[in-house]
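Structural overview
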There are 2 protein chains.
Amino acid sequence: MDDRVREHAETLVDWSARVESGDDVVVSVAEGAHELGVAVAAALGERDANLLATYGSDELNRAYLRAGDDEFESPDHELALYEAADVLLRLGGGRNTAEHADVPGDRKGAYDRARQEVREARMDTRWVSTQHPTRALAQQAGMSHAGYREFVYDAVLRDWEALAEEMGRLKDLLDGGSEVRLVTDDTDLTVRVDGRTAVNSAASVAYDSHNLPSGEVFTAPHATEGTVTFDVPMTVRGRRLQDVRLTFEDGAVVDYAAAQGEDVVGEVLDTDDGAERLGELGVGMNRGIDRVTDNILFDEKMGGTVHLALGRAYDACLPDGEAGNDSAVHVDLITDLRDGGRLEVDGETVQQDGVFRWEDGFEG
Amino acid sequence: MDDRVREHAETLVDWSARVESGDDVVVSVAEGAHELGVAVAAALGERDANLLATYGSDELNRAYLRAGDDEFESPDHELALYEAADVLLRLGGGRNTAEHADVPGDRKGAYDRARQEVREARMDTRWVSTQHPTRALAQQAGMSHAGYREFVYDAVLRDWEALAEEMGRLKDLLDGGSEVRLVTDDTDLTVRVDGRTAVNSAASVAYDSHNLPSGEVFTAPHATEGTVTFDVPMTVRGRRLQDVRLTFEDGAVVDYAAAQGEDVVGEVLDTDDGAERLGELGVGMNRGIDRVTDNILFDEKMGGTVHLALGRAYDACLPDGEAGNDSAVHVDLITDLRDGGRLEVDGETVQQDGVFRWEDGFEG
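Residues numbered from 1 in each chain as written. Chains lettered and ligands numbered in written order. Predicted model: local features only at pLDDT ≥ 70, side-chain atom pairs only at ≥ 80, totals over all residues. Heavy atoms only, no water.

**Here we look at the overall build of chain A**
To keep things clear, this is the line we draw: Only DSSP runs of H or I covering at least 4 residues are called helices, and only runs of E covering at least 2 are called strands; the numbering of each starts at the N terminus. Throughout, radius of gyration means the C-alpha value; the globule benchmark is 2.2 Å times the number of residues raised to the power 0.38. Residues count as neighbours in contact if any of their non-hydrogen atoms are within 4.5 Å of one another. In this charge count, Lys and Arg are treated as positive and Asp and Glu as negative; neither His nor the chain ends contribute. Note that the charge is assigned to NZ on lysines, CZ on arginines, CG on aspartates and CD on glutamates.
Along chain A, the regular secondary structure elements total 11 helices and 19 strands. Its C-alpha atoms give chain A a radius of gyration of 20 Å, near enough to 21 Å, the size a compact globule of 364 residues would have. Each principal axis of the C-alpha atoms in chain A carries an extent, and together these give about 50 × 45 × 45 Å. For chain A, long-range pairs separated by at least 24 residues make up 72% of all intrachain contacts whose partners lie at least 6 apart in sequence. Looking at chain A, you have 35 positive and 76 negative side-chain charges, and the mean spots of the two groups are 4 Å apart.

**Some words on the sheet that holds strand β13 (residues 278–284) of chain B**
All names here are of chain B. Selection criterion: Should DSSP find at least two bridges between two strands, the strands are taken to pair. Lines fitted to C-alpha atoms define the axes here, with helix axes fitted over just the stretch in contact, and angles between the N-to-C directions of these axes take values from 0 to 180 degrees.
On the basis of which strands lie adjacent, the open sheet formed by 5 strands has the order β7-β8-β13-β14-β15 and antiparallel pairing. Every interior strand has two partners, whereas the edge strands, β7 (199–201) and β15 (330–336), have only one. Across the sheet, the mean angle from the axis of one strand to that of its neighbour is 20°, orientation sign disregarded. Bridge count between strand β14 (residues 305–311) and β15: 7 bridges; the pairing is antiparallel. Within β15, the position partnered with threonine 305 by the bridge is aspartate 336.

**Considering the relation of the copies chain B and chain A**
The two chain copies are related to each other by a rotation about an axis together with a translation along it. This is how the line gets drawn: Here the copies were fitted onto each other by least squares, based on C-alpha atoms from residues at pLDDT of at least 70 in both.
Each copy superposes on the other: chain B lies on chain A with an RMSD of 0.0 Å after a rotation of 180° and an axial shift of 0.0 Å. What the superposition gives is, in effect, a two-fold axis relating one chain to the other. Residues of chain B ranked by C-alpha distance from the rotation axis are headed by Thr54(B), positioned 1.9 Å from it. Comparing interface residues between copies, 100% of those in chain B also sit at the interface in chain A, which points to an isologous, same-surface contact.

**Structural notes on the packing of helix α1 (residues 3–16) of chain B against helix α2 (residues 34–46) of chain B**
All names here are of chain B. As a reminder, the rule being used: The scheme is simple: roughly parallel for angles under 35 degrees, roughly antiparallel for over 145, roughly perpendicular for 65 to 115, oblique for anything else. By convention the crossing between two helices is left-handed if the near helix lies anticlockwise of the far one by an angle smaller than a right angle, and right-handed if it lies clockwise.
Here α1 crosses α2 at 55°, and the two axes come no closer than 8 Å. Regarding the angle of α1 to α2, the classification is oblique. As α1 runs across α2, the sense of the crossing is right-handed. Across from Val5, Arg6, His8, Ala9, Glu10, Leu12 and Val13 in α1, the residues of α2 making contact are Glu35, Leu36, Ala39, Val40, Ala43, Leu44 and Glu46.

**A closer look at the pairing of strand β9 (residues 222–230) of chain A**
In the sheet, strand β6 (residues 187–192) of chain A pairs with β9(A) via 4 bridges, with the strands oriented antiparallel. From the neighbouring strand, Thr190(A) faces β9(A), where its bridge partner is Glu225(A).

**Some thoughts on the interface of chain B and chain A**
Stated precisely, the cut-off is as follows: Two parts placed together each lose some accessible area under a 1.4 Å probe, and the buried area is that loss summed for both. Whenever a carboxyl oxygen of Asp or Glu lies within 4 Å of a side-chain nitrogen of Lys or Arg, that contact is scored as a salt bridge.
Each partner contributes residues to the interface: chain B has 42 residues there, and chain A has 42 residues. Surface buried jointly by chain B and chain A totals about 3400 Å² across both partners, of which 64% is contributed by carbon and sulfur atoms. Contact with chain A buries surface across chain B, with Tyr55(B), Tyr64(B) and His77(B) losing the most and accounting together for 22% of the total. Taken together, chain B and chain A are joined by 0 salt bridges.

**Observations concerning the environment of Val26(A)**
Examined against the element boundaries, Val26(A) turns out to sit in strand β1 (residues 24–30). Residues Val26(A) and Leu36(A), spaced 10 residues apart in sequence, show a C-alpha to C-alpha distance of 14 Å. When near neighbours in sequence (up to four residues on either side) are disregarded, Val26(A) contacts Leu52(A), Thr54(A), Leu81(A), Tyr82(A), Ala85(A), Val87(A), Leu88(A), Leu89(A) and His77(B).

**Regarding the side chain of Thr227(A)**
Residues and elements named next belong to chain A. Operational definition: Burial classes follow relative accessibility: with a 1.4 Å probe on protein chains only, a residue under 20% of its type's maximum area counts as buried, one over 50% as exposed, and anything between as partly exposed. Polar contacts, as counted here, are pairs of nitrogen or oxygen atoms within 3.5 Å of one another; within protein the pair requires one atom able to donate a hydrogen and one able to accept it, and residues that are adjacent in sequence qualify only if both atoms are side-chain atoms.
The residue threonine 227 is located in strand β9 in this model. Judged by its relative accessible area of 17%, threonine 227 falls in the buried class. Side-chain polar atoms of threonine 227 contact the side chain of threonine 247, separated by 3.1 Å. Excluding anything up to four places from it in sequence, threonine 227 contacts Asp186, Thr187, Asp188, Leu189, Arg245, Leu246 and Thr247.

**Re the sheet that holds strand β19 (residues 355–356) of chain A**
The pairing of strands in a sheet happens through backbone hydrogen bonds and is either parallel or antiparallel. All names here are of chain A. The strand order β13-β12-β9-β6-β5-β17-β18-β19 describes an open sheet built from 8 strands, whose pairing is antiparallel. If you trace the sheet from one side to the other, it starts and ends with β13 (252–257) and β19, each paired once. With respect to the sheet, helix α10 (residues 262–270) is in contact with β12 (244–249) and β13, its orientation differing from that of β13 by roughly 165°.

**Focus on the confidence of the model for chain A**
Heads up, the rule is: For every residue, the pLDDT score states the predictor's confidence, bounded by 0 at the bottom and 100 at the top.
In this model, chain A carries a mean pLDDT of 96, and residues with pLDDT of at least 70 account for 100%. The ipTM assigned to the predicted complex is 0.92, against a pTM of 0.93.

**Details of α2(B)**
Think of an α-helix as turning once every 3.6 residues; residues three or four places apart then point the same way. Residues and elements named next belong to chain B. Under the convention used in this document: Here the expected length of a helix is defined as 1.5 Å per residue gap, with one fewer gap than residues.
An ideal rise of 1.5 Å per residue puts 18 Å on 13 residues; α2 measures up with 19 Å between its terminal C-alpha atoms. For α2, the tally of buried residues reaches 10 of 13 residues, placing the bulk of the element in the interior. For α2, every residue scored as buried is listed here: His34, Leu36, Gly37, Val38, Ala39, Val40, Ala41, Ala43, Leu44 and Gly45. At the exit of α2 stands aspartate 48, carrying a positive phi of roughly 55°.

**Details of a negative patch on the surface**
Using the following cut-off: Residues enter patches when their relative accessible area tops 30% and they take part in no salt bridge; the joining distance is 9 Å for like charges and 5 Å for the nonpolar side chains Val, Leu, Ile, Met, Phe, Trp and Tyr. Accessible surface is estimated by sampling points in the Shrake-Rupley manner with a 1.4 Å probe; for residues, cover comes only from the protein chains shown.
A contiguous patch of negative charge on the surface is contributed by Asp48(A), Glu71(B), Glu73(B), Asp76(B), Glu83(B), Glu117(B), Glu120(B) and Asp124(B). Every element with two or more residues in the negative patch is listed here: α4 (76–84) and α6 (116–123) of chain B. Taking the relative accessible area as the measure of exposure, Glu120(B) reaches 42% and is therefore partly exposed.

**So, the environment of Leu182(A)**
Residues and elements named next belong to chain A. For leucine 182, the location among the structural elements is in strand β5 (residues 179–184). Remark: the alpha-carbon pair of leucine 182 and threonine 227, spanning 45 residues in sequence, is separated by 9.4 Å. Ignoring sequence-local partners within four residues, the contact set of leucine 182 consists of Thr187, Asp188, Leu189, Val306, Leu308, Leu337, Arg342 and Leu343.

**A closer look at the pattern of salt bridges**
The final tally for this structure, using the stated rule, is 55 salt bridges over all chains. Residues Asp102(A) and Arg62(A) are paired through a salt bridge, measuring 2.8 Å at the closest nitrogen-oxygen approach. Note that Asp102(A) is positioned in the loop between β3 (87–92) and α5 (105–114) and Arg62(A) in helix α3 (residues 58–67), a separation of 40 residues in sequence. With relative accessibility at 35%, the residue Asp102(A) sits in the partly exposed group. Notably, a salt bridge pairs Arg239(B) with Asp263(B), separated by 3.4 Å at the nearest N-O pair. Taken together, the positions of Arg239(B) in strand β11 (residues 239–249) and Asp263(B) in helix α10 (residues 262–269) put the pair 24 residues apart, joining distant regions of the chain.

Okay, here's the thing in structure tokens:
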């Protein structure tokens, strides 16, 4: 086994999920993630944790969904499993990213709605999602398998403690600030962040962070004004988005356009009132991620980018008891600041051309 | 997908496990059983049952066991899952039947002991074990993959209702009889079956039968006297057994020998007092199984054979409240009656040369 697979497993178990002796751990293994599953099983055995492996197979799930109707029940046995579990490790990495292409969207929606309680029980565990570098994900990224593996391990095998410390600087700036401004050639957007708390998403449940890799600082903005262009291409709902442009007034979208996928943007905005407002402002700080791979888990953490999400805000960013922007959707869109972009907090430049002011080469 | 995979799944779900709408079903998918898993998922979707797939991976299990020590806990989350489940479908079929060869036996034993409660919860579901015809199982059988698939589907896709009816005849004879005698060139063994109830094992939970394929009638014998030679070769504890010969007096083994694997027989007999006595007399009646494949799920059901198990008896064969032979082991051994063998109940020949008296060609 590639040593990096073992290191990936150990990072996931120790740094990310903080697994301890006696923990009841569910490991969900995607079709292509077997090798990582074996490494995670060994790490759990060494730490005297209890392992139950589930099979996160896109093909089984597709067959099940297509064979049924639109009526689903909440599964008691799955709920009981997650209510009794301490940790959930989701090892993504399928064999075909388009496997659900012929599952009707309504049916998927009905299935997800029926499983709301299960989802909440999963979120109450120390859950972490990661991905094994499969050929399907390499293909999605337009990369060779070998090249993609390098990319994934560069992103995952970071010095997370050092990165958490660096991200702490930005968190302090955002927590102390009132207004954030984004500027590029075709963007000038202002959001308010006063009264909100930024999350230092350092790929560990100890930091309220549930993705490996992570490496972003995010908060829940409000009172958005101005125009933003998202120049990083993405796939949303199986369709391609390019150069999405949104204009906000009084916090809500008043105009939108896109070079590609404009209809998808319209669909998202039509979901509900909350879908027209931002739920997240995130700043990518993972320098191991240096290219777009059409995979949101990686793209949104890319160092030198900023992402904004239409829809639901995360509770962790809000004062206790206060509800943030609510919506059935949370759709991230990304803009690259590395070529002429600027990030300001309360009028002061924090990042210029993708370089933070505490980094070498900063020219603010 | 091969239509037979779909038929296998439907037989498992409908005939064997009697799955109904709303059932909470756990499907354990072995590494090589993905294709059958997809077919089972579709069958469950059609029947509006709830699906949770677990990953029955020998490689994950081996890695977990080898990495740990000999201390294991009962896993609460897995117990909660099975306590809430209605049905467990175990889809066997690994990629290497020797995958556990380097797991210390003591550790496996400690793991199994810690999971006693989980095992009981699993047995309280409508559980059924089956196997997908993988290359590893074909290799174990000494067969081509294509040839092995034919073999497996011949065994699994029977007219189970007709077979259940035929097996009912033998069950009636055993339930009404007192003494069973087995005779071959080198066997003359008598067991008592009075006060015991035979199980018509027709591959369905409706018949107290939990294997697909099945096709045997079995009971819990006592007062064994005489000598039996098991001429069907087997693998027990990873070692080969050939022509095991046991002599019984007053129900217990007083002498043993084997052309190969005599030490394994000795180990089994030394386990405890119950290991020296028979826990099962089973009569194979599945005519779809016409050859030995070194796989107990199939071998013991072969039409024209009889198997006897050293060790634990099944409660279903015993009067309510009466404990049968108890032991930590249950080791099946098989003898072929097709060439000169005879099965008698109370002195009357029921089967001669592997042919039952109600079949064409019977010459009793």
